[in-house]
Amino acid sequence: MATLSVQSIVRTGLNPSLASAASGGDAFANDGRTFLRVVNANVGAARTITIASQLPAGAIPQGAAKTDLTVSVPASGERWIGPFDPAAFNDANGRVVATYSSEADLTVGAFKV
């Protein structure tokens, strides 16, 4: 698992950078105003991104299930995913954890407003 540096979007502009998605997934610091950008360069296959729910058992209503967030990124497409409620998605280190159905041809970046 890799840790992504969060890039701040500022009034004077941002030259965004993306990194190859890590095979074990990626994590990034989250303050509730952070987004994950995923670009799928594969021309023939969609990729599924899973954001792990971190809700403790006591925070989930009885009879309900803890649900991860899953987003499909189409072939040759991209998605901006987020923002993420820290109470629902931050792990013990204050990070959101993203995993991929396949990291092949994926680039990712974390951005904060």
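Residues numbered from 1 in each chain as written. Predicted model: local features only at pLDDT ≥ 70, side-chain atom pairs only at ≥ 80, totals over all residues. Heavy atoms only, no water.

A. Here's a closer look at the side chain of Thr-34. Checked against the element boundaries, Thr-34 lands in strand 5 (residues 34-40). Residue Thr-34 is classed as buried on the basis of its relative accessible area, which comes to 1%. A distance of 3.2 Å separates a polar atom in the side chain of Thr-34 from a polar atom in the side chain of Asp-31. Those residues in contact with Thr-34, other than ones at most four positions away along the chain, are Val-6, Phe-28, Ala-29, Gly-82, Pro-83, Phe-84, Ala-110, Phe-111 and Lys-112. (Helix = DSSP H or I, 4+ residues; strand = E, 2+ residues; numbered from the N terminus. Buried < 20%, exposed > 50% of the residue type's maximum accessible area, 1.4 Å probe, protein only. Polar contact = N/O pair within 3.5 Å; in protein donor to acceptor, adjacent residues only side chain to side chain. Contact = heavy atoms within 4.5 Å.)

B. Representation of the nonpolar core within the structure. Of all hydrophobic cores here, the largest spans 19 residues; its most connected members are Leu-36, Val-38, Ile-49 and Ile-51. Elements represented by at least two residues in this core include exactly strand 5, strand 6 (47-51), strand 7 (69-73), helix 1 (86-89), strand 9 (95-100) and strand 10 (106-112). (Core = buried A, V, L, I, M, F, W, Y, C linked by side-chain atoms within 4.5 Å.)

C. Region of interest: unusual backbone geometry. For the bond from Gly-82 to Pro-83, the omega torsion is 0 degrees, close enough to zero to count as cis. Turning to its location among the elements, Pro-83 is positioned in the loop between strand 8 (78-81) and helix 1. Residues other than glycine seldom take positive phi values, yet Ser-76 does so here, at roughly 55 degrees. Relative to the helices and strands, Ser-76 is located in the loop between strand 7 and strand 8. Of note, Asp-105 is a non-glycine position whose phi angle comes to about 70 degrees, a positive value.

D. Just a nonpolar patch on the surface, in detail. The grouping of Ile-9, Leu-14 and Val-113 at the surface amounts to a nonpolar patch, some 240 Å² of accessible area in total. The topology assignment puts Ile-9 in the loop between strand 2 (6-8) and strand 3 (19-20). Given a relative accessible area of 43%, Ile-9 falls into the partly exposed group. (Patch = residues over 30% accessible without salt bridge, like charges linked within 9 Å, V, L, I, M, F, W, Y side chains within 5 Å. Areas by Shrake-Rupley, 256 points an atom, 1.4 Å probe, with all protein chains shown as cover. Salt bridge = Lys/Arg side-chain N within 4 Å of Asp/Glu carboxyl O.)

E. Local environment of the side chain of Asn-42. In this fold, Asn-42 is placed in the loop between strand 5 and strand 6. Only 3.0 Å separates the side chain of Asn-42 from the side chain of Asp-105, close enough to count as a polar contact. Setting aside its immediate chain neighbours within four residues, Asn-42 contacts Arg-47, Ala-75, Ser-76 and Asp-105.

F. View of the pairing of strand 6. Residues Arg-47, Ile-49 and Ile-51 of strand 6 are buried on one face, while the alternating residues Thr-48 and Thr-50, pointing to the opposite face, are not. Pairing analysis gives five bridges linking strand 6 to strand 7, with the strands arranged antiparallel. When the bridges of strand 7 are listed, Thr-50 appears paired with Thr-70. (Pairing = 2+ DSSP bridges.)

G. Structural view of the packing of aromatic side chains. Inspection of the entire model under this criterion finds three aromatic pairs. Summarising the aromatic geometry, the rings of Trp-80 and Phe-111 are spaced 5.2 Å apart at their centres and angled 50 degrees between planes, so their arrangement reads as tilted. On the criterion of sequence distance, the pair formed by Trp-80 in strand 8 and Phe-111 in strand 10 is long-range, its members being 31 residues apart. Residue classification places Trp-80 among the partly exposed residues on the basis of a relative accessible area of 46%. Taking the relative accessible area as the measure of exposure, Phe-111 reaches 1% and is therefore buried. (Phe/Tyr/Trp six-rings, centres within 6.5 Å; stacked < 30°, edge-to-face > 60°.)

Keep in mind these values describe shape, not function.
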